[in-house]
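# Coordinate analysis (summary)
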Amino acid sequence: MSNDIHIAVIGLGAMGLPMATRLSGAFIVTACEPDAARRDTAKDNGIATESTPASASKDADVVLLAVRDQAQVEAALFGPDGVLASLKAGAPVILTSTVGPDPVRALGERLARAGFALVDAPVSGGPARAETGDLLIVVGAETDPLDTTRPVLERLASTLTVVGTRPGDGQAFKTVNQLLAGIHIAAAAEAIALARSLQLDPSVVIAALSQGAAGSFMLADRGPRMVQAYTGDAEVKSRVDIFVKDMGIVTDVGRAAHVPLPLAAAAQQLYLLAEAAGLAAHDDSSIVTLRSPPPAPDPG
């Protein structure tokens, strides 16, 4: 795949924009995003934009979907102004979103009937790592579409792992990933809340723990934002409602497989509580405020 290949990136959210920016350094990129402010940000980064998937995809050789959930995937592909209204015959579609194994298997079959191949390639790593091509990407796809899209995936990933030959296989792996990620964030929130209640400096605790056996990527990444969340200043990089969705997928898959997942279920309830508390659009680090409330205002 040469650098004159045209890629349509559908969705310029927290992950879509940095992925589009990364790809634009090596390929021709046109992005689709209904939000005008996000389109302006992409234009500032030198990326051509369109307001509908169909208009973004009309000259594309590869489509990359970076939308939030299954409903947005369906609309982006099959809606009145969807990708399939204009995409050239046989062009592969890369799905980077996390929507679950069964929906993606059904989606792959539907696209195959229309003459398109689906590359199931959910991503993990966050926006900062997306900008530098340092994502973990796991793939379920047949050989030909995988070979066609591999240069695109390798531009985004420092670790690219093929876990199966069917769409849905990547989603199955990502479900395991999200089980751990969701639990680790919840555990980090409990640890920081306990540290505060013991009158320890959370910033010192995070820095020290991150160097030892109790450290984790999520503690090091979310911990500083959890400290900020107590003042309401945490930057939104991964919303609470994303983990409401993802932990729902985890527990649904576990139930279908008859595998008990008590820790995942407990973490899921914490994200649901945060959503009920009005934190759905806040960074997922804000769940720490449910475990230990912000300090009371100074009455003086």
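In the block above lies the structure referred to throughout.
This report concerns the structure included in the present document. Everything numeric here is computed off the predicted structure, so don't read it as measured data.

## A closer look at the side chain of Lys245
Following the sequence through the fold, Lys245 ends up in helix 11 (residues 240-256). Separated by 2.6 Å, the side chain of Lys245 and the backbone oxygen of Thr98 make a polar contact. The residues touching Lys245, leaving out its near neighbours within four places in the chain, are Arg68, Asp69 and Thr98.

## A few points about the side chain of Arg222
Relative to the assigned elements, Arg222 resides in helix 10 (residues 217-229). Given the relative accessible area of 7%, Arg222 is considered buried. Those residues in contact with Arg222 that sit more than four places away from it in its chain are Ile185, Phe217, Ser238, Phe243, Asp284 and Ser285.

## Concerning empty space enclosed by the protein
Inspection of the entire model under this criterion finds 1 cavity of 30 Å³ or more. Taken as a whole, the largest cavity encloses approximately 30 Å³ of empty space. In this structure, the largest cavity is lined by Gln70, Val73, Glu74, Val99, Pro103, Val104 and Leu107. Elements that contribute at least two residues to the lining of the largest cavity include exactly helix 4 (70-78) and helix 5 (101-113). A class-by-class count of the residues in the lining of the largest cavity yields 5 nonpolar, 1 polar and 1 charged.

## Observations regarding helix 4
Inspection of helix 4 places Val73, Ala76 and Leu77 among the buried residues, and these make up the whole buried set. The arc enclosing the buried residues of helix 4, seen along the axis, measures out at 90°, which places them on a common side. The N-capping residue of helix 4, defined by a side-chain oxygen 3.3 Å from the backbone nitrogen of Ala71, is Asp69.

## Here we look at the pairing of strand 2 (residues 28-32)
Within strand 2, 4 of the 5 residues are buried, leaving the element largely enclosed by the surrounding structure. As judged from the 5 bridges shared by strand 1 (residues 6-10) and strand 2, these two strands associate in the parallel manner. Opposite Ile10, over in strand 2, you have Cys32 as the bridge partner. Sheet analysis places strand 2 next to strand 3 (residues 48-50), joined by 3 bridges and oriented parallel. Bridged to Thr30 within strand 3 is Ala48.

## A closer look at the packing of aromatic side chains
According to the stated counting rule, one finds 1 aromatic pair in the structure shown. The interplanar angle of 20° and the centroid separation of 5.3 Å between the aromatic rings of Phe243 and Tyr271 together place this pair among those described as stacked. Pair noted here: Phe243 is in helix 11 and Tyr271 is in helix 12 (residues 262-279), with a separation of 28 residues, a long-range link. The burial state of Phe243 is the same as that of Tyr271; both residues are buried. For Arg110, the ring lying beneath its charged end belongs to Phe78, and the centroid distance is 3.6 Å. The lysine or arginine in question, Arg196, covers the ring of Tyr230, its NZ or CZ lying 3.7 Å from the ring centre.

## Digging into the packing of helix 11 against helix 12
Viewed as axis vectors pointing N to C, helix 11 and helix 12 meet at an angle of 150°, and their least axial separation amounts to 9 Å. Taken together, helix 11 and helix 12 sit at an angle that is classed as roughly antiparallel. Handedness of the crossing formed by helix 11 with helix 12: left-handed. Contacts between helix 11 and helix 12 involve Val240, Asp241, Phe243, Val244, Met247, Gly248, Val250 and Thr251 from the first element and Ala264, Ala265, Ala267, Gln268, Tyr271, Leu272, Ala274, Glu275 and Leu279 from the second. Class assignment for the residues of the contact of helix 11 with helix 12 results in 12 nonpolar, 3 polar and 2 charged.

## Quick notes on the pairing of strand 1
In the case of a regular strand, side chains alternate between the two sheet surfaces. Burial analysis of strand 1 places 5 of its 5 residues in the buried class, the great majority of the element. Residues His6, Ala8 and Ile10 point to one face of strand 1 and Ile7 and Val9 to the other, with burial holding for every one of them. Once the chain exits strand 1 it traverses helix 1 (residues 16-24) before rejoining the sheet at strand 2, and the crossover so formed is right-handed. Examined bridge by bridge, strand 1 and strand 4 (residues 62-65) share 4 bridges and lie parallel to one another. What sits directly across from Ile7, in strand 4, is Val62.

## Things to note about the pattern of salt bridges
Following the criterion strictly, the structure yields 18 salt bridges and no others. With its nearest N and O atoms 3.2 Å apart, the salt bridge here joins Lys58 to Asp59. By relative accessible area, Lys58 is classed as partly exposed at 48%. For Asp59, a relative accessible area of 43% translates into the label partly exposed. Each of Asp221, Arg222, Arg225, Asp283 and Asp284 takes part in a single network of salt bridges with overlapping partners.

Criteria and thresholds
- Residues numbered from 1 in each chain as written.
- Predicted model: local features only at pLDDT ≥ 70, side-chain atom pairs only at ≥ 80, totals over all residues.
- Heavy atoms only, no water.
- Helix = DSSP H or I, 4+ residues; strand = E, 2+ residues; numbered from the N terminus.
- Polar contact = N/O pair within 3.5 Å; in protein donor to acceptor, adjacent residues only side chain to side chain.
- Contact = heavy atoms within 4.5 Å.
- Buried < 20%, exposed > 50% of the residue type's maximum accessible area, 1.4 Å probe, protein only.
- 1 Å grid on protein atoms, 1.4 Å probe; cavity = no way out; pocket = protein on both sides within 12 Å on 5 of 7 lines; lining within 4 Å.
- Points joined across faces, edges and corners; volume = space filled by probe spheres on them.
- Nonpolar A, V, L, I, M, F, W, Y, C, P; charged D, E, K, R; others polar.
- Arc of directions from axis to C-beta.
- Pairing = 2+ DSSP bridges.
- Phe/Tyr/Trp six-rings, centres within 6.5 Å; stacked < 30°, edge-to-face > 60°.
- Lys NZ or Arg CZ within 6 Å of the ring centre and 35° of its normal.
- Axes fitted to C-alpha atoms, helices over the stretch in contact; angles between N-to-C directions.
- Parallel < 35°, antiparallel > 145°, perpendicular 65-115°, else oblique.
- Left-handed = near helix turned anticlockwise from the far one by under 90°.
- Right-handed = clockwise from strand over helix to strand, strands pointing away.
- Salt bridge = Lys/Arg side-chain N within 4 Å of Asp/Glu carboxyl O.

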